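As a plain string of letters, each chain reads:
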Amino acid sequence: MITQPHLDMQHIVKSFPGVQALRGVQLQAWAGEAMALMGANGAGKSTLMNVLGGVIRADDGEIRIGSKAVTLRSPLDATANGIAFVHQEMALLPTMTVAENMHITRFPTRGGLINGKVMEARCNKVLSRLGCGFSPRTRVQDLSTGDRQMVEIARALLSEPSIILFDEPTSSLTSREKARLFDVIRALKQEGVTIIYITHFIDEIFQICERVTVLRGGETVGAGALKDFTPDQIVQLMIGDLDVEQREHRAVKTDTPALRVNGLTRDGVLNNISFTLHEGEILGLWGLLGSGRSETVRSVIGLDPLDSGTIELRVNGALKTVRPSEAQRHIGMITEDRRGEGLLLPMSVKNNLSLANLRQLLTQLGLVRERDEATLAQQFVDKLNIVTPNLRQPVRTLSGGNQQKVVVGRWLELNPPIFFMDEPTRGLDVGAKAEIRNIIFQLAEQRAAVLVISSEIEEMMALCDRYLVINRGQIVKELPGNASKNELMAAAAGAASEGMRA
Amino acid sequence: MTTEKLTGYSAAPPRKAHDATQGEALSSRLIRAIPIVVLVIVAIFLVFGVPNFFTQRNITNVLVQAAPLAIMAIGMTFVMITGGIDLSIPSIMAFSAIMGNLAVRDLGVHWSVGCIVMLIAALLLGFINGYAVAYLKMIPFVVTLAMMTVVTGASVWITNSVSLAAMPEAFFDVVLYRLQLIEGIPIPVIIPFTLLVAIIAIVVIRGSIFGRWLYAVGTNVRAARVSGIPTQRVIFSTYLISGLCAGIAAIILAARLGSASANMGPDGMVLDIVSSVVVGGVSIYGGVGGPLGAVFGALIIQIIGNSLNLLEVSYYTTLIIKGFVIVAFVAFDSLGRRRGNG
């Protein structure tokens, strides 16, 4: 074994306005080995990888590759230094061929025209190295997900890299495709390539990695040979101290069902999802990104299509089966994409607040009562403490927290019995997060039924009365409100591997 | 969490940012205002440079000429606020005028039934446009371009390119009726009627829930959908409205021209409608503007056309000038948008 690390990152520091993302991270990786990079959301994994990829520049620190100090000013620098990325989201152009996709940034040319022969020859070489059976002339849209992943890897290999980063490569793969990916990674290791492997699935790193580095809060909190760790120890390192957080609210949960869904299914996305949401309850839908958590709530209110399943709502005291479009009238929805799906950015605070509630503001002639609209808007601006110079202010100019309060306020004006909140505090600062959480508590105390989705485990633990664990489009477990961090993390990661074997 | 802490957090609003963005919004509004100012100046220059412009006769003439354009521009405004476009308005107008005349000539119906036929024909074609765009999710540009071609073709085919003058005198007497409100100055009833259409459109767009939904859909259709707005129905309705406006314009123009023909809605008329709407401050990107602006725009376009005509500038030169006007307005709109960041 070579004692000198091939990649050596020391004291990497990076801060963004208001956030210290990296506080002196260390990372060492050896040639011919796979290094697992672990960490919860916000631990600094992405920032660190963006530093290595030349996408952002660190404020301080040193990067050595093969004992030579390097400066990475741009993605081009990273490529020149033998670093390649295999991205989580597949950045392929579906209507173009495999060869074209692989060469999209650097077509070989002759006399100003693309040299197809050279391009295909290069592709064939790399594809055979990966053991791929398809031709470089195949259009990407005709390939399976696993094969597309191979095209991504082939593209990364074109530059003959000595370091390859895999970011969540298995999140959309079947178990057979995953096995093939692991074979490829093993082959790359034998060729002496340094692999950095990022994943949420703890069982995977024990299959494919030799070493592990764990980040938490922008610091390296653990590193070493994987054989010295148990999965539980890694989870503990990721989430820190295991004290159960003080729950912020008194449960007002009732046993009166407000919403019951049965067998929600959409081919390849949702698999037989059933649950009941009670009045006064804050229910957490806990799962990783891409687990189907957002798709579940979206399909209930008709934003996403549904193949089968029934939705029952409490209307006038009795549960009644409704269609998604009707369910939408009774459910306040806060989506994870505030700017894209929440707000009319150029329009005023007042207009944004009244958007869902206009039907209640009509005169007999069918016109909107502007005075009532303004009064109501002012009422919610005061109640939610929305900082805006006046009601005519375009929402675009407000801070993120105030924008989010406008989205929440829109639904409070309508006052529906059920709320779905998908990442309600994403991107907000600590103070704004707390304000949004308080609003959620108040809603539950007024007997609204609230379903919350969040990637932040602390937030889920502070809010929820009960958890449903979702993975690969299936509800795999139900946990009580007093479940520990450890149980939750294990449920999301452990259940993940069960789901895959199934 | 105490309230003290909460207010502590929110007591520090980014004041400077507000001021800066307000400044930006102002400069964006100024940029958008530049072409309108230029155009008004040009119009005034033409008006004073043109002999006989200020005769009472010519003014009335310009207003009557502008009426069908203004009504079609109002219809287009509804479509464009949601971010769509309807290129088929003039062709639908010509087609339904022909249908109305045919009904009177071949079926022997009363002229008022002929008018209703015009409205229904236009509504039906608008229905097809709206259904294709809203429910089949086809691109408005393509749908209405195809509609324009098909309907124009049908008009030529049905009429053999011959004008139809089937309407009886009574039709012209009613539609072209002149009110004698002020002694010695007859006002064609078309003018107050167009004003009425404009007022209804303004009230619907500014005051009704449908109006709010239009802007919401044009500004961010996804957010509109999440907020429970029936976005497909809203988009569908806009094409019905533009169809209806084409039908109303058909009645007026058929009366003014004395006949209906395939070329009463030439290609250049689409250009005039789009110019009117964008000159009136409706954004081609959706979400901005209103019918008042569109009527104002129609008036300006008509004045420029009329004046160039009186100055004996050729039709083709006029087309070139109008084309430049549209490009300039869209460019300024785009620039203002970039400044205003939305």
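This report concerns the structure included in the present document.

What counts, and where the lines are drawn
Think of each chain on its own: its residues are numbered from 1, step by step along the sequence as written. To read the labels, note that chains go from A and ligands from 1, taken in the order they are written. Per-residue local features of the predicted model are confined to residues with pLDDT of at least 70, and side-chain atom pairs are confined, for both listing and counting, to 80 or more; whole-chain, interface and lining totals are unaffected and use all residues. Excluding hydrogens and water, the side-chain figures rest on all heavy atoms present in the structure. Segments assigned H or I by DSSP are reported as helices when at least four residues long, segments assigned E as strands when at least two residues long, and all are numbered from the N terminus. Buried residues are those whose accessible area, probed at 1.4 Å on protein chains only, stays under 20% of the maximum for their type, while exposed residues exceed 50% and partly exposed ones sit between those limits. In this description, contact between two residues means that some pair of their heavy atoms is separated by no more than 4.5 Å. Only C-alpha atoms enter the radius of gyration, while the globule expectation follows 2.2 Å times N to the 0.38, with N the number of residues. For accessible areas, the Shrake-Rupley method is used with a probe of radius 1.4 Å. Any residue's cover is judged against the shown protein chains and nothing else. By the counting scheme adopted, Arg and Lys are positive, Glu and Asp are negative, and His together with the chain ends is not counted. A charge is said to be at NZ when it belongs to Lys, at CZ for Arg, at CG for Asp and at CD for Glu. Note: two strands are recorded as paired if DSSP finds a minimum of 2 bridges between them. Axes, fitted as lines to C-alpha atoms, cover a helix only where it is in contact. Angles between the N-to-C directions of the axes lie from 0 to 180 degrees. Note that patches include only residues with greater than 30% relative accessible area and no salt bridge, and the join distances are 9 Å for like charges and 5 Å for nonpolar side chains (Val, Leu, Ile, Met, Phe, Trp, Tyr). Definition used for salt bridges: Asp or Glu carboxyl oxygen within 4 Å of a side-chain nitrogen of Lys or Arg. Helix span, expected: 1.5 Å multiplied by one less than the number of residues in the helix. A 3.5 Å cut-off defines polar contacts: any pair of N or O atoms within that distance qualifies, except that in protein one atom must be a possible hydrogen donor and the other a possible acceptor, and neighbouring residues in sequence count only when both atoms are side-chain atoms. We call a set of buried Ala, Val, Leu, Ile, Met, Phe, Trp, Tyr and Cys residues a nonpolar core when their side-chain atoms join them within 4.5 Å.

### Looking at the overall build of chain B
- For chain B, the helix and strand inventory stands at 14 helices and 2 strands.
- Residue burial in chain B is summarised as follows: out of 342 residues, 51% are buried.
- Sequence-distant contacts, at least 24 apart, represent 78% of the contacts inside chain B between residues at least 6 apart.

### Remarks on the overall build of chain A
- The helix and strand inventory of chain A stands at 17 helices and 22 strands.
- Since a compact globule built from 502 residues should have a radius of gyration of about 23 Å, the 25 Å found for chain A is in line with a globular shape.
- Taken along the three principal axes of its C-alpha coordinates, chain A extends 75 × 55 × 50 Å.
- Relative to its full complement of 502 residues, chain A shows a buried share of 54%.
- Intrachain contacts of chain A at a sequence separation of at least 6 include 66% that bridge at least 24 residues.
- Carbon together with sulfur atoms contributes 47% to the accessible area of chain A, which is approximately 21400 Å² in total.
- Of the side chains in chain A, 56 bear a positive and 57 a negative charge, and the two mean positions are spaced by 4 Å.

### Focus on the sheet that holds strand S4 (residues 60-65) of chain A
Residue and element names in this part refer to chain A.
- Spatial strand order, S2-S1-S4-S5: 4 strands in an open sheet with antiparallel pairing. With partners counted over all chains shown, the strands left at the sheet margins are strand S2 (19-29) and strand S5 (68-70), one partner each. When strand polarity is set aside, the average angle formed by the axes of neighbouring strands in this sheet is 30 degrees.
- Note: strand S1 (residues 7-16) against S4, 5 bridges, orientation antiparallel. Bridged to Gln 10 within S4 is Glu 62.

### Points about a nonpolar patch on the surface
- On the surface, B:Phe127, B:Ile128, B:Tyr131, B:Tyr135, B:Leu136 and B:Met138 cluster together into a nonpolar patch covering about 560 Å² of accessible area.
- Taking relative accessible area as the criterion, B:Phe127 reaches 40% and is therefore assigned partly exposed.

### Section: helix H4 (residues 89-106) of chain B
Residue and element names in this part refer to chain B.
- Here H4 is 18 residues long and its end C-alpha atoms lie 25 Å apart, about the 26 Å a rise of 1.5 Å per residue gives.
- By the criterion of burial, H4 is predominantly enclosed, with 15 of the 18 residues buried.
- Trailing H4 by a residue or two, Gly 108 shows a phi angle of about 70 degrees, which is positive.

### Observations concerning the side chain of A:Asp304
Residues and elements named next belong to chain A.
- Here Asp 304 is to be found in the loop between helix H9 (293-300) and strand S16 (308-315).
- Residue classification places Asp 304 among the buried residues on the basis of a relative accessible area of 17%.
- A polar contact is formed between the side chain of Asp 304 and the side chain of Arg 298, at a distance of 3.4 Å.

### Considering the sheet that holds strand S22 (residues 474-480) of chain A
Residues and elements named next belong to chain A.
- Strands sit in the order S18-S19-S20-S15-S21-S22 across an open sheet of 6 strands; the sheet is mixed. At either end of the open sheet lies a strand with only one pairing partner, and these are strand S18 (331-334) and S22. Ignoring which end each strand starts from, the neighbouring axes of this sheet average 20 degrees apart.
- Bridge count for S18 against strand S19 (residues 418-422) is 4 bridges, and the pairing is parallel. Following the sheet pairing, Gly 332 is matched in S19 by Phe 419.
- The sheet strands contacting H9 are strand S15 (282-286), S18, S19, strand S20 (449-453) and strand S21 (466-471), and the helix crosses S20 at an angle near 145 degrees.
- Its contacts with the sheet put helix H14 (residues 400-414) on S18 and S19, and the angle it makes with S18 is roughly 170 degrees.

### A short note on the nonpolar core
Residues and elements named next belong to chain A.
- Counting residues in hydrophobic clusters, the biggest one holds 100 residues, and the most contacted among them are Ile 153, Phe 166, Ile 205, Val 212 and Ile 234.
- A total of 7 residues in this core trace back to one element, the largest contributor, which is helix H15 (residues 430-445).
- Residues within four places of Phe 166 in sequence aside, it is in contact with Val 86, Ile 153, Leu 181, Ile 185, Leu 188, Ile 195, Ile 196, Tyr 197 and Ile 198.

### A few points about the environment of B:Val282
Residue and element names in this part refer to chain B.
- Inspection of the secondary structure assignment puts Val 282 in the loop between helix H12 (267-279) and helix H13 (291-310).
- Spatially, the C-alpha atom of Val 282 lies 18 Å from that of Gln 302, the residues being 20 residues apart in sequence.
- Residues in contact with Val 282, not counting those within four places in the same chain, are Thr 77, Met 80, Val 277, Val 288, Gly 289 and Gly 290.

### Side note on the pattern of salt bridges
- In total, this model carries 31 salt bridges over all chains according to the counting rule given.
- The shortest N-O distance in the salt bridge between A:Arg211 and A:Glu33 comes to 2.7 Å. Taken together, the positions of A:Arg211 in strand S11 (residues 211-216) and A:Glu33 in the loop between S2 and strand S3 (34-38) put the pair 178 residues apart, joining distant regions of the chain.
- Judged by relative accessible area, A:Arg211 falls into the buried class, the value being 17%.
- For A:Arg426, the salt bridge identified is with A:Glu423, shortest N-O distance 3.8 Å.
- Through salt bridges with shared partners, a single network forms among A:Arg266, A:Arg298, A:Asp304, A:Asp337, A:Glu341 and B:Arg222.

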